[in-house]
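Summary of structural features
Given next are the chains, with one letter for each unit.
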Amino acid sequence: MTPETTAELLHGTLVALILKTLARGRRHGYAIARAIEEATGGVVQVEDGSLYPALYRMERSGWIEAEWGVSELGRKAKLYRLTPRGRRQLAAETAEWARFATAVSRLLLAT
Amino acid sequence: MNRFYLWPWKAPVDDEVDHELAFHLEMRTREYVDRGFSAADARREAERRMGDVARVRAACRALGEGRDRRMRRIEYASELRQDIGFAWRQMRRNPGFALIASLTLALGIGGTTAIFSAVDAVVLRPLPLRDPARLMVVAETWKGLPSDVSAGNFTDANAGLTRFEGGLTAEQFSSFNLADGGTPERIIGGRVTANYFDVLGARPAMGRTFRADEDRPGSEQVVVLSHRLWTRRFGAASAILGQDIRMNGRRYTVAGVMPASFDLTTNREELWVPIAFTPERKAMHDEHYLTVYGRLNADATAQQALAELEAVASRLRRDFPKDDGELTFTVIPFTDQFVGDYGKRLLVLLGAVSVVLLIACGNVANLLLARGAARGREIAIRTALGAGRWRIVRQCLTESAVLALCAAAAGLLFAKWSLAAVVAWSPPGVPRLEQAQIDPAALGFAVAAALVSSVLFGLAPALRLAKGDVQTGLREGARGTTAGGFRDRLRAGLIVSEVALSLLLLFGAGLLIRSAIALQRVDLGFDPHGVLTARVALPAASYAEPERVVATFERMAEAAAKVPGVTQASITSYAAMGGGGGSNGLLPEGVPFAIKNLIQSGLRIITPDFFRAMGVPIVKGRGFDDRDRAGGQKVMIVSARLAAIAFSGQDPIGKRIACCEQRPDGSADYKVVVGVAGDIRSRGPATPPAAEFYLPLPQAPADAWNWTQRSMYIVIRTAGDPAALAQPLRAAIARIDPDLPLFDVRMMSQRLSSSLATARFNTLLLTILGGVGLLLAASGIYGVIAYFVSQRTHEIGVRMALGATPGSVVRLILTQATRPVALGAAVGIGAALAASRVLANQLFDVSPTDPATIAAVVVTLGAVALAASAVPARRAAAIDPTKALQAE
């Protein structure tokens, strides 16, 4: 899998991945990217240039909220957390992904 | 993790994005360094992963700003919700305050809304005509006033004009005996040219209007009905179209029915027929009876039309020097003519009722101030918890707005009720007033009035509350210890403005009341008591010959005199204060003929008993009697005023005056003056007596039956109740001709009171408003003074302990009240003198700056202010010094 196709694939699912990551607790933007990379064993590489516009868009939609806090290294950082609306959105996106993945798997893995 | 700061962001979005992206790049760089990259390579790799930083930054900033706007909106809405909920709970917690404040405001908001609805219906709402701004009334002028147009002038003008779309149209108001099935009825109708409805820009609701070929002598037997007549007389049946109805003894085919909204003249005509000018009428320039309308071309101005009319007029002056020697035309926008001065009168009322609303706002402001003192602690706590001053003000204003909107809801009920009362009691003839109702426009007005009021009465108390020093507010025993004098400018200012405003209202009401009294005292020149009047008209078809007309009216006079209870009975072409009547140009013998030498005088054609029936004295010479027959010596009686104008001091008896007709050889027809009658105020008490003259019925000029359309008044006098004579009189006339309806049957006293109806209505309304304003101002003064007394309890206690008498305490408080009241009175007098000019056209025999009225109003107001402050002053005098001091 080349990075380009990963980016394209991620474009639709980036939001779901961010939501899922934040469901485990509040994080700043870089930590979100790292968490996704680590959780997928480096298969999914977050494109940093898409990450932040996505975060601001999700914030505007009211799915996530941000506060200024302090990072693990004691630096001032903007920390995101899920809102109740974001939690509902995550459930919806997950269901949609599962439906999509099942359908695609059924075709690609058919013997 | 550490504590987080709360929204909203202190930093603007730009800093937020910059910081966040920089932090990210730094963390990525660190990551690559950890993986073994050189510092420079790590940085480059981090930037590569970010891509176009400038683009990302721009995208984030734009999104961030959108997010912040949304947050602010949400925050504002949630605060508003909180404030409204809080305000609602505050009102429920203080139901007494909420009730008094909203009832006070409801009075003002309801009153203004009701009058606004009337203004909206009469003045603001567009007329139900196509493009009403282009519709003009074209009139001749007589002594500077617009007057009716002659058929000849109308015809000639119409031929030479280009600025009017579809030419001019003319209407002659006329009455019709409608005798179709039911009881015969007298109906006002308009005889109109065929283009009448097109020029006015109105379409029929049913059927059609007139065709050009119907506007010709012999084919004019078609009629268009008004909606009112159609519903009242024909049960709103659509089958009426194409049917014949009988009027004036002839048959007319119903062509169409106009919509209800087409009700645009004060004559309130109920049907229209083609005017069908004969060539002879088209040539007559000296009889003026047409109302003329024209619709300006889209690109024409009234000025251009007037210039064109002046060209026509100059030609007519040259061609018909005898009839049109001084002819000029004028052009008046139809809307102005239609609304007349009712618009101005209504605006005066709207102003007056707004003043009441202002006084009400003053009272509520005072209540809020008093409550604000009690809420100082609560506000101090909120401020200590971080609420900014603007936030406090906003919350207070929200409370005011909630209060005012509740008041508006109650006010709408009040408005509905008072509008119904206004419509019911209003004088007849106010155009479209009956269409006034509490509609969405009125609703919008009430809400707007409520919101404006809430700022007016709420802002000052809110600012004061927000400014309140946190420390004094939190200290429980904080007490105003101001010694002597009015320290509280705001409250004193409330007294000043309430006194000034109510003085303004009272002065207006006072002027109108004085006018009304003066009108009651006017000597009419006749005695309206015990007099019944009625009108009757003979149809041209069955009463063509003048001899037959005269004989019939004489029989009616005799029949009326025989009705039991009648002491005097008379027939006259005009009584007083009603429709009809006409005037003629008179030329005393020896005065050379010229238009400007003619003395325009009101004409009455009468039977001999007119003067006795009306109670008009003959001051010189004799009245008419049996000597004054057709073919005998032609005679006339002149009014004292006419005698003075025509003969300036010489004895008028035996002098000769030419009028009304020509002798067969074309020379002037002279009548000998045999008597002088006392002057009478024919047009009501407010109009001075005009020059008038009287001709005996048998000697009436033949043409007069065309001028009067054979319509006469019956005037009977009785020692008993004139109303009881209406039925026997009707029966007596029916015995002469059962097809003749008596119409406009009214006691003279009713005519008198309806001629004063407009004045009385305005007086009543302004007096009510003045009274309400005075009551509100009194309660406002009471409130403020009572507050001062409560603030100074301690000080008064000390004074009394030191030997002050109760009398001196009362004096102290009253003196304190006097200053703002006096200042308010001074301001009010100034404002009243400046504003009373708007009433000038409604005043009779009293100047708009009448000093006696000012004095009376100031004394009234002073007495009420004194009474309002006396109550708290006496309470102050009753203070027990020991208790007052112990309370410390």
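1. Comments concerning the overall build of chain A
Secondary structure assignment for chain A yields four helices and three strands. Each helix (α) and strand (β) of chain A, taken in turn from the N terminus, gives the series α-β-α-α-β-β-α. Within chain A, the proportion of its 111 residues that are buried is 43%. Summarising the internal contacts of chain A: among those between residues at least 6 apart in sequence, 50% fall at separations of at least 24.

2. Here's the deal with the overall build of chain B
Counting secondary structure elements, chain B contains 27 helices and 23 strands. Against the globule reference of 29 Å for 888 residues, chain B gives a C-alpha radius of gyration of 39 Å, more extended than a compact globule. In terms of overall dimensions, chain B has a C-alpha envelope of 135 × 90 × 55 Å along the principal axes. Each of the 888 residues in chain B was classed as buried or not, and the buried ones make up 49%. Once local pairs closer than 6 in sequence are excluded, the contacts in chain B between residues at least 24 apart make up 81%. As displayed, chain B has an accessible area near 40,100 Å², and 58% of this comes from carbon and sulfur atoms. If you average the places of the 100 positive and of the 82 negative side-chain charges in chain B, the two averages end up 8 Å apart.

3. Here we look at the state of the cysteines
All names here are of chain B. All told, the structure shown has one disulfide over all chains when counted by the stated rule. A sulfur-sulfur separation of 2.3 Å characterises the disulfide bridge that pairs C659 with C660. Across the disulfide from C659 to C660, rotation about the S-S bond amounts to roughly -80°, and the bridge is consequently left-handed. No difference in accessibility class separates C659 from C660, as the two residues are buried. No disulfide involves C361; its nearest neighbouring cysteine sulfur is the one of C406, lying 15 Å away. Given a relative accessible area of 5%, C361 falls into the buried group.

4. What about the packing of helix α16 (residues 489-521) of chain B against helix α23 (residues 757-791) of chain B?
Residue and element names in this part refer to chain B. Running from amino to carboxyl end, α16 crosses α23 at an angle of 155°, the nearest separation of the two axes being 8 Å. In terms of their interaxial angle, α16 and α23 are classed as roughly antiparallel. Crossing of α16 against α23: the hand is left-handed. Of the residues belonging to the contact of α16 with α23, the class tally is 20 nonpolar, eight polar and two charged.

5. Remarks on the packing of aromatic side chains
Scanning the entire structure with this criterion turns up 20 aromatic pairs over all chains. Judged by centre distance (5.0 Å) and plane angle (85°), the rings of Y196(B) and F197(B) are edge-to-face. The exposure class assigned to Y196(B) is buried, which follows from its relative accessible area of 1%. Each ring, one from F197(B) and one from F262(B), has its centre 5.9 Å from the other, and the planes form 45°; the classification is tilted. Residue F197(B) is found in helix α6 (residues 196-200), and its partner F262(B) is found in the loop between β9 (250-257) and β10 (271-274); the two are separated by 65 residues along the sequence. Both residues of the pair, F197(B) and F262(B), belong to the buried class. Above the plane of the ring of W68(A) lies K76(A), whose end atom (NZ or CZ) is 4.7 Å from the centre. Across the ring face of F97(B), the terminal group of R371(B) is positioned such that the distance to the ring centre comes to 4.2 Å.

6. Some details on the confidence of the model for chain A
Any residue range with low pLDDT should be treated as having predicted coordinates unsuitable for detailed reading. All names here are of chain A. Here chain A averages 84 in pLDDT, and 89% of its residues register 70 or above. Element-level pLDDT for chain A is lowest in helix α1 (residues 3-22), with a mean of 69, against a maximum mean of 92 in strand β1 (residues 27-28). Of the regions scoring below 50 in pLDDT, residues 1-8 engages in five contacts with residues more than four places distant in sequence or in other chains.

7. Some remarks on the sheet that holds strand β2 (residues 64-70) of chain A
Residue and element names in this part refer to chain A. Taking strand neighbours across the sheet as the criterion, the three strands line up as β1-β3-β2 in an open arrangement whose pairing is antiparallel. The open sheet terminates on both sides in strands that have one partner only, identified here as β1 and β2. Alignment of β2 against strand β3 (residues 76-82), held across seven bridges, turns out to be antiparallel. Counted as the bridge partner of E65 is R81 from β3.

8. Here we look at the packing of α16(B) against helix α26 (residues 851-877) of chain B
Residue and element names in this part refer to chain B. Remark: α16 packs on α26, axes separated minimally by 9 Å, with the N-to-C direction vectors making an angle of 135°. If you check the angle between α16 and α26, you find them oblique. Both α16 and α26 take part in a crossing whose hand is right-handed. Residues V499, S502, L503, L506, F507, G510, L511 and R514 of α16 form the contact with α26, whose own contacting residues are A852, T853, I854, V857, V858 and L861.

9. Observations regarding a nonpolar patch on the surface
Residue and element names in this part refer to chain A. Taken together, the side chains of W97, F100, V104, L107, L108 and L109 define a hydrophobic patch exposed on the protein surface, amounting to about 660 Å² of accessible area. Along the chain, L107 turns up in helix α4 (residues 84-108). For L107, a relative accessible area of 66% translates into the label exposed.

10. Some details on the side chain of N762(B)
Looking at where N762(B) falls in the secondary structure, it is placed in helix α23. Those residues within four positions of N762(B) in sequence are excluded, and the remaining contacts are R345(B), L349(B), L512(B) and Q842(B).

11. Concerning the side chain of E270(B)
All names here are of chain B. Residue position: E270 is located in the loop between β9 and β10. Here the side chain of E270 touches R228 through a polar contact of 3.2 Å, side chain to side chain. Among all residues touching E270, those that are not within four sequence positions of it are I187, I188, G189, L225, S226, R228, L229 and R232.

12. Focus: helix α25 (residues 806-835) of chain B
Given 3.6 residues per helical turn, the α-helix brings residues three or four places apart onto the same face. All names here are of chain B. Spanning 30 residues, α25 covers 42 Å between terminal C-alpha atoms, matching the ideal 44 Å at 1.5 Å per step. Along its length, α25 reaches its greatest deviation from straightness, about 25°, at T818, and the proline P820 lies no more than four positions downstream. Of the positions making up α25, those classed as buried are V809, I813, Q816, A817, P820, V821, G824, A825, G828 and A832. Those residues of α25 that are buried are in contact with α16, α23, α24 (793-801) and α26.

13. Quick look at the nonpolar core
Residues and elements named next belong to chain B. By size, the foremost hydrophobic cluster in this structure holds 92 residues, and its most contacted members are L129, F262, W272 and F334. The element best represented in this core is α23, accounting for 14 residues. Sequence-distant contacts of F334, defined by excluding residues within four places in its chain, comprise L127, L129, L135, M136, V137, L264 and Y293. The next biggest cluster of nonpolar side chains, apart from the first, holds 50 residues, and it includes M556, I571, L697 and I714.

14. Brief notes about the interface of chain B and chain A
Between chain B and chain A, the residue contacts involve 29 residues of the former and 35 residues of the latter. Both sides together, the interface formed by chain B and chain A hides about 3,100 Å², and carbon and sulfur atoms give 60% of it. The tally of links between chain B and chain A comes to eight salt bridges. Its salt-bridge partner being E16(B), residue K78(A) comes within 2.3 Å of it at the nearest N-O pair. Along the contact surface separating chain B from chain A lie 18 residue pairs in polar contact (both at pLDDT 80 or more).

Calculation criteria
- Residues numbered from 1 in each chain as written.
- Chains lettered and ligands numbered in written order.
- Predicted model: local features only at pLDDT ≥ 70, side-chain atom pairs only at ≥ 80, totals over all residues.
- Heavy atoms only, no water.
- Helix = DSSP H or I, 4+ residues; strand = E, 2+ residues; numbered from the N terminus.
- Buried < 20%, exposed > 50% of the residue type's maximum accessible area, 1.4 Å probe, protein only.
- Contact = heavy atoms within 4.5 Å.
- Rg over C-alpha atoms; globule rule 2.2 N^0.38 Å.
- Areas by Shrake-Rupley, 256 points an atom, 1.4 Å probe, with all protein chains shown as cover.
- Lys, Arg positive; Asp, Glu negative; His and termini not counted.
- Charge placed at Lys NZ, Arg CZ, Asp CG, Glu CD.
- Disulfide = S-S within 2.5 Å.
- Axes fitted to C-alpha atoms, helices over the stretch in contact; angles between N-to-C directions.
- Parallel < 35°, antiparallel > 145°, perpendicular 65-115°, else oblique.
- Left-handed = near helix turned anticlockwise from the far one by under 90°.
- Nonpolar A, V, L, I, M, F, W, Y, C, P; charged D, E, K, R; others polar.
- Phe/Tyr/Trp six-rings, centres within 6.5 Å; stacked < 30°, edge-to-face > 60°.
- Lys NZ or Arg CZ within 6 Å of the ring centre and 35° of its normal.
- pLDDT = per-residue confidence, 0-100.
- Pairing = 2+ DSSP bridges.
- Patch = residues over 30% accessible without salt bridge, like charges linked within 9 Å, V, L, I, M, F, W, Y side chains within 5 Å.
- Salt bridge = Lys/Arg side-chain N within 4 Å of Asp/Glu carboxyl O.
- Polar contact = N/O pair within 3.5 Å; in protein donor to acceptor, adjacent residues only side chain to side chain.
- Expected span 1.5 Å × (residues − 1).
- Bend = angle between axes of the 7 residues up to and from the residue.
- Core = buried A, V, L, I, M, F, W, Y, C linked by side-chain atoms within 4.5 Å.
- Buried area = accessible area lost by both parts, 1.4 Å probe.

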